[in-house]
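# A look at the structure
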Amino acid sequence: MSPSVLFNFNDAKDAFTASTRSALDNKTSKPLINAFNQITGNETEKKTTLDQALRQVLEEQIVSCYLALIYLSIDGVTEGLCSATTPFLLLGDVLDCLPLDQCDKIFSFVEENVSTWKSNSFYTAGKNYLLRMCNDLLRRLSKSQNTVFCGRIQLFLARLFPLSEKSGLNLQSQFNLDNITVFNKNEQESTLGQRLLNYINPLHSFSKEDGMEVEEGEMGDEEPGVPAPCSIPIDYNLYRKFWTLQDYFRNPVQCYDKFSWMTFLKYSDETLAVFKSFKLDDMQASKRKLEELRTAGGEHVYFAKFLTSEKLMDLQLSDSNFRRHILLQYLILFQYLKGQVKFKSSSCVLNDDQCSWMEETTKLVYQLLREIPPDGDKFATMVEHVLNTEENWNSWKNEGCPSFVKDRPVDDKPKRPTRKRQAPEDFLGKGPDRKVFMGNDELTRLWNLNHDNMAACQSESREFMPSLEEFFEEAIEQADPANMVEDEYKVVRNSNYGWRALRLLSRRSPHFFQPTNQQFKSLADYLESMVIKLAKELPDLPSEEIKTGEEDDEDNGDTLLKESNDSPSMQTKVVSNQQMDEIAAKLGAQWKTLASQLEIKAAEIREIETDSEDVDMQAKLLLVAWQDREGTQATVESLITALNNAGFPKIADILNET
């Protein structure tokens, strides 16, 4: 027996490294497959070694062919050659080594292969790696300078993870309290006092000392309809109050505090009054500037943070997009304050005055949005629709973010639509012969014996149950002592005959259900006594010749027969539904006292309490359960005894009277 060959990590790594380079050169994974099959060792050892080889080659060729190597690792996972986490480890290594401009290109590759990452082979093993990789990138990026790249990362995560993924949801409705708007809070350092003087004479604000040039369409242009650049009087108080409002938009919970709400109310009224007093009526200059930027190939500049310089305040208030941002912040804040949020504190409640002020202010905000050109009405309608849709998301979060994927019931399988071929008339029994063909001559004959099969089944000719006279005629003859038939040869001793006799007696004879004090050792003895009773009842049978010598039994049989001809007694009368309703109404909430006398189990009592909350219905269910268990033994007499033992003699008297 040859000794087993030990796995050599270094040799295997060298072989995998060489095959990886060959695979990169030939752009195929076949060299990897061949090397994987040739190297001795178990599958786990070979996979781990190949992972290390791929990472080593990546380090060597990080700049030139890293994407090809990552594609190669994806093929290796698909072929089952390496671990499913290898492509994500390689991506993480690449992003750690490259600068941000190169990371942008790598992330484009990640975005393009989102369908690959969501497949069964990669998703479970790589979702945490992708999330960690994206978070590392976000920490390296600047939200103000790399805004678009940050947004692409967020959109990629939204595409990768399902909507109900808990890690991507703000379940507790927390706010980004780090988003602080910084502005000048020192009035002594403010330059707005000088600028307010310039509002009286605008030409002084653009002197040569300020180093600002006069541009066409802003200053010095005599075109009619073009507004002055500083048309809104701005002082430090307005500047401070305006930017202080951003703190309430950042943390809306402050509005539930009484003193904070008063400050917010005062500052909001003054800000909205400025918006209402100084409207943007003419946008010709802005449109011309936009056309010039497009003609010159300029790009639209987007800032993730507000610019809070005092020098820009008048220009910002004259900008339509800026006004829309501020007014939209008001609507979002009001929606949160009025909405039902699951994780809100119990103290976060608005009074009637606050609610009425918000309703009036909401109408004012929508009015201001409609008055802002261009397309004010269209923009306001779109904002209202989006905010109404947001209510559905709030409700979904309040319900715990249930999954949108509904599991199909096991039995509810989709049925393939089948096209039925019209059968010939003769086959359906609509032809001239009105004959239905069943595919077999004998079945066809049987089916067409009668055109109405239900009527044929109800025919008297299909009544196969014999009469008492026919069935027991032989037994009655054998019971006659004159015929001298020994007991062992009588038909009542036949077990098959006895079983059929019991079934027939239960359907046709009243003696079967009559109680008796006689004790029978066997079924044959019982049938012999029944034969004697039947012989006395049935006509044209020699009942007077049958003598058994047991006069007591004859008297007992005569008594039972007489009782059967009369109305049923208390001992045999079953409790009717009307009687149960009367007793249930009298018992009411005391029905559990009777339950112990009727030997109802505790589990059945709990089930009765669960089925109905009405005490009368519970009492009725108790009696029904007792009757179902006892069957024909659920007689009036047994119920009267149980009522007396339970301490309800008056209710028992009602049964005696009925």
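Residues numbered from 1 in each chain as written. Predicted model: local features only at pLDDT ≥ 70, side-chain atom pairs only at ≥ 80, totals over all residues. Heavy atoms only, no water.

## Concerning the overall build of the chain
This is how it is decided: Helix and strand definitions follow DSSP, with helices as H or I runs of at least four residues and strands as E runs of at least two, each counted in order from the N terminus. Residue contacts are counted whenever heavy atoms from the two residues lie within 4.5 Å of one another. Surface accessibility in these figures is a Shrake-Rupley result with a 1.4 Å probe; residues are shielded only by whichever protein chains are displayed.
A tally of regular secondary structure across the chain gives 29 helices and zero strands. For the chain, contacts bridging at least 24 residues in sequence account for 70% of all contacts bridging at least 6. Looking at the chain as shown, the accessible area adds up to about 42500 Å², and 50% of this sits on carbon and sulfur atoms.

## Describing the packing of helix α15 (residues 320–338) against helix α17 (residues 376–398)
The line we're drawing: Angles here are taken between N-to-C directions and fall from 0 to 180 degrees, while the axes themselves are lines fitted to C-alpha atoms, restricted in helices to the stretch in contact. Each angle is binned into one of four classes, with values under 35 degrees roughly parallel, values over 145 roughly antiparallel, values of 65 to 115 roughly perpendicular, and all other values oblique. Two helices cross in a left-handed way if the nearer one is turned anticlockwise from the farther one by less than a right angle. They cross in a right-handed way if the turn is clockwise. Residue polarity follows a fixed list, in which Ala, Val, Leu, Ile, Met, Phe, Trp, Tyr, Cys and Pro are nonpolar, Asp, Glu, Lys and Arg are charged, and the others, Gly among them, are polar.
Running from N to C, α15 and α17 cross one another at 25 degrees; their axes reach a closest spacing of 11 Å. As the angle between them shows, α15 and α17 are arranged roughly parallel. For the pair α15 and α17, the sense of crossing is right-handed. Contacts from Arg324, Leu328, Leu331, Ile332 and Gln335 in α15 reach Gly376, Phe379, Val383, Leu387, Glu390 and Glu391 in α17. Residue composition of the contact of α15 with α17, by class: six nonpolar, two polar and three charged.

## Comments concerning helix α22 (residues 523–537)
So the rule is basically this: Expected span of a helix: the number of residues minus one, times 1.5 Å. Buried means the residue's accessible area, taken with a 1.4 Å probe over protein chains only, is under 20% of the maximum for its type, while exposed means over 50%, and partly exposed covers the values in between.
For α22, built from 15 residues, the straight-helix expectation of 21 Å at 1.5 Å per residue is met to within 8% by its first-to-last C-alpha distance of 21 Å. Residues Ala524, Tyr526, Leu527, Ser529, Met530, Val531, Lys533, Leu534 and Ala535 constitute the buried set of α22.

## Re the pattern of salt bridges
How we decide: The salt bridge criterion pairs a side-chain nitrogen of Lys or Arg with a carboxyl oxygen of Asp or Glu, the two atoms within 4 Å.
Following the criterion strictly, the structure yields 14 salt bridges and no others. For Arg250, the salt bridge goes to Asp247, with nearest N and O atoms at 2.5 Å. Separated by three residues within a single helix, Arg250 and Asp247 lie in helix α11 (residues 236–250), roughly one turn from each other. Look at Arg250 and you get buried, because its relative accessible area is 18%. Since its relative accessible area comes to 28%, Asp247 is described here as partly exposed. Of the charged contacts, one joins Glu528 and Arg493 as a salt bridge, the two residues approaching to 3.5 Å between their closest N and O atoms.

## Considerations on the packing of aromatic side chains
As a reminder, the rule being used: Two rings belonging to Phe, Tyr or Trp (six-membered ring only in the last case) form a pair when the distance between their centres is within 6.5 Å. Interplanar angles under 30 degrees mark stacking, angles over 60 mark edge-to-face geometry, and anything in between is tilted. The rule is short: NZ of Lys or CZ of Arg within 6 Å of the ring centre and within 35 degrees of the ring normal puts a charge over the ring.
Per the counting criterion, the structure on display carries 30 aromatic pairs. Plain terms: the ring middles of Phe249 and Tyr330 are 5.1 Å apart, the flat faces sit at 80 degrees to each other, and that makes the pair edge-to-face. Here the residue Phe249 occupies a position in helix α11, and Tyr330 occupies one in helix α15, the gap between them amounting to 81 residues. The buried category is assigned to Tyr330, whose relative accessible area is 0%. One aromatic cluster is present, formed by Tyr248, Phe249, Trp261, Phe264, Tyr330, Phe334 and Trp357 through successive ring pairs. When the ring centre of Phe36 is taken as reference, the NZ or CZ atom of Lys46 above it lies at 4.5 Å.

## Some details on the confidence of the model for the chain
Inclusion rule: One number per residue, pLDDT, summarises how confident the predictor is, and it ranges from 0 to 100.
Considering every residue of the chain, the mean pLDDT works out to 78; 79% of them sit at 70 or more. Throughout residues 199–230 the model reports pLDDT below 50, and contacts reaching past four residues in sequence, or to other chains, amount to 31 contacts.

## A look at a nonpolar patch on the surface
Heads up, the rule is: Grouping into patches uses exposed residues only, defined as over 30% relative accessible area, and leaves out salt-bridged ones; the cut-off is 9 Å for like charges and 5 Å for nonpolar side chains (Val, Leu, Ile, Met, Phe, Trp, Tyr).
On the surface, Met438, Leu443, Leu446, Trp447 and Leu449 cluster together to form a nonpolar patch covering roughly 500 Å² of accessible area. Within the secondary structure, Leu446 is located in helix α18 (residues 441–447). Judged by relative accessible area, Leu446 falls into the partly exposed class, the value being 42%.

## Points about unusual backbone geometry
In the segment running from Pro373 into Pro374, the intervening peptide bond is cis, with an omega of -5 degrees. Structurally, Pro374 is set in the loop between α16 (352–371) and α17. The phi torsion at Lys27 lies on the positive side, around 55 degrees, for a residue other than glycine. Checked against the element boundaries, Lys27 lands in the loop between α1 (9–26) and α2 (30–38).

## Observations concerning helix α20 (residues 468–479)
We count it as follows: This arc is built from the directions going out from the helix axis to the C-beta atoms.
Helix length check: α20 (twelve residues) gives 15 Å between terminal C-alpha atoms against 16 Å at 1.5 Å per residue, within 8%. Among the residues of α20, Leu468, Phe471, Phe472, Ala475, Ile476 and Gln478 are the ones counted as buried. For α20, the arc enclosing every buried residue in end-on projection is 160 degrees, short of the 170-degree limit, so these residues lie on one face. In this structure, the buried residues of α20 make contact with α21 (495–508) and α22.

## Some remarks on the environment of Glu637
Looking at where Glu637 falls in the secondary structure, it is placed in helix α28 (residues 636–646). Glu637 gets classed as partly exposed once you look at its relative accessible area, which sits at 37%. C-alpha separation for the pair Glu637 and Ala652, spaced 15 residues apart in sequence, amounts to 9.4 Å.

## Brief notes about a negative patch on the surface
Stated precisely, the cut-off is as follows: Two residue types count as positive, namely Lys and Arg, and two as negative, namely Asp and Glu; His and chain ends fall outside the count. For this purpose, a charge sits on NZ of Lys, CZ of Arg, CG of Asp or CD of Glu.
A cluster of acidic residues, Glu469, Glu470, Glu473, Glu474 and Glu477, forms a negative patch on the protein surface. Inspection of the secondary structure assignment puts Glu474 in helix α20. Residue Glu474 is classed as partly exposed on the basis of its relative accessible area of 43%.

## Considering the packing of α21 against α22
Two elements in contact, α21 and α22, have axes separated by 11 Å at closest approach and are oriented at 45 degrees. Comparing the axis directions of α21 and α22 gives the class oblique. The crossing of α21 and α22 is left-handed. Here α21 contributes Gly498, Ala501, Leu502 and Leu505 to the contact with α22, which in turn contributes Leu523, Tyr526, Leu527, Met530 and Leu534. By residue class, the composition of the contact of α21 with α22 is eight nonpolar, one polar and no charged.

## Section: the environment of Ser22
Among the structural elements, Ser22 can be located in helix α1. C-alpha separation for the pair Ser22 and Leu32, spaced ten residues apart in sequence, amounts to 8.5 Å.

## Examining the nonpolar core
For clarity, the cut-off: Buried Ala, Val, Leu, Ile, Met, Phe, Trp, Tyr and Cys residues form a nonpolar core when they are joined through side-chain atoms within 4.5 Å.
In this structure, Leu91, Phe107, Val110, Trp117, Leu130, Ile153 and Phe156 are the most contacted members of the largest nonpolar core, which totals 48 residues. Membership of the second largest hydrophobic core comes to 46 residues, among which are Tyr236, Met313, Leu317 and Leu331.

## As for the side chain of Gln627
Residue position: Gln627 is located in helix α27 (residues 615–630). Relative accessible area serves as the criterion here: at 19%, Gln627 is assigned to the buried category. Those residues in contact with Gln627 that lie beyond four places of it in its chain are Val574, Val575, Met580 and Ala634.

## Description of the side chain of Lys46
Spelled out, the test is: Each polar contact in these results corresponds to two N or O atoms within 3.5 Å; when the atoms are within protein, one needs to be able to donate a hydrogen and the other to accept it, and residues that are neighboring in sequence are counted only if both atoms are side-chain atoms.
With respect to the helices, strands and loops of the structure, Lys46 is situated in helix α3 (residues 43–60). Buried charged residue Lys46 carries no salt bridge. Nearest counter-charge: Glu43, at 7.4 Å. A polar side-chain atom of Lys46 sits 2.9 Å from the main-chain carbonyl oxygen of Phe36. Non-local contacts of Lys46, meaning those with residues more than four positions away in its chain, are made with Phe7, Phe16, Phe36, Ile39 and Gly41.

## Here we look at the state of the cysteines
So the rule is basically this: Note that a disulfide, as used here, is simply two cysteine sulfur atoms within 2.5 Å.
A full pass over the atoms with the stated rule returns zero disulfides. Unpaired in this structure, Cys97 has its nearest cysteine sulfur neighbour in Cys103, at a distance of 9.4 Å. Classification of Cys97 by relative accessible area gives exposed; the value is 56%.

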